[in-house]
Amino acid sequence: MDILIAQRIKDSMKNEKLTQMQLAKAIGVGQSSVSDWLNSKSEPSIDNLWKLADFFDVSIDFLVGRKEI
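Presented here is a report on the structure given in the accompanying data block. (Residues numbered from 1 in each chain as written. Predicted model: local features only at pLDDT ≥ 70, side-chain atom pairs only at ≥ 80, totals over all residues. Heavy atoms only, no water.)

Here's the deal with the environment of Thr19
Step number 1: Structurally, Thr19 can be placed in the loop between helix H1 (2-16) and helix H2 (20-27).
Step number 2: Of the residues examined, Thr19 reaches a relative accessible area of 41% and is grouped as partly exposed. (Helix = DSSP H or I, 4+ residues; strand = E, 2+ residues; numbered from the N terminus. Buried < 20%, exposed > 50% of the residue type's maximum accessible area, 1.4 Å probe, protein only.)

Next comes the structure, spelled out in structure tokens:
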């Protein structure tokens, strides 16, 4: 599942033309955390999934691959 999360975050960042640093700053995490998510080294916590979902205006279900937009 983490690969799908990583891809959904990457795609959302690309759509918004965001860098890792910009996303990290926007949701209040370190750039290394975003990098780890994108490289499937770790998964966002539930709190960070909420932040990502709110920031990108999508559902957590979309981010984790349970639903399409």
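Description of H2
Residues lying three or four places apart along an α-helix face the same way, a consequence of the helix completing one turn every 3.6 residues.
Step number 1: Three or more residues of H2 are buried, namely Leu23, Ala24 and Ile27. Buried residues along H2 cover an arc of 100 degrees about the axis, so they all sit on one side. Turned more than 90 degrees away from the buried face of H2 sit Met21 and Lys25, all of them exposed.
Step number 2: Remark: Gly28 follows H2 within two positions and exhibits a positive phi of approximately 80 degrees. (Arc of directions from axis to C-beta.)

Some remarks on the packing of H2 against helix H3 (residues 31-38)
Step number 1: Contact geometry for H2 and H3: axes closest at 8 Å, N-to-C directions at 115 degrees. As H2 packs across H3, the resulting crossing turns out to be right-handed. The residues of H3 that touch H2, namely those facing Gln20, Met21, Leu23, Ala24 and Ile27, are Gln31, Val34, Ser35, Trp37 and Leu38.
Step number 2: Tallied by class, the residues present in the contact of H2 with H3 amount to 7 nonpolar, 3 polar and no charged. (Axes fitted to C-alpha atoms, helices over the stretch in contact; angles between N-to-C directions. Left-handed = near helix turned anticlockwise from the far one by under 90°. Contact = heavy atoms within 4.5 Å. Nonpolar A, V, L, I, M, F, W, Y, C, P; charged D, E, K, R; others polar.)

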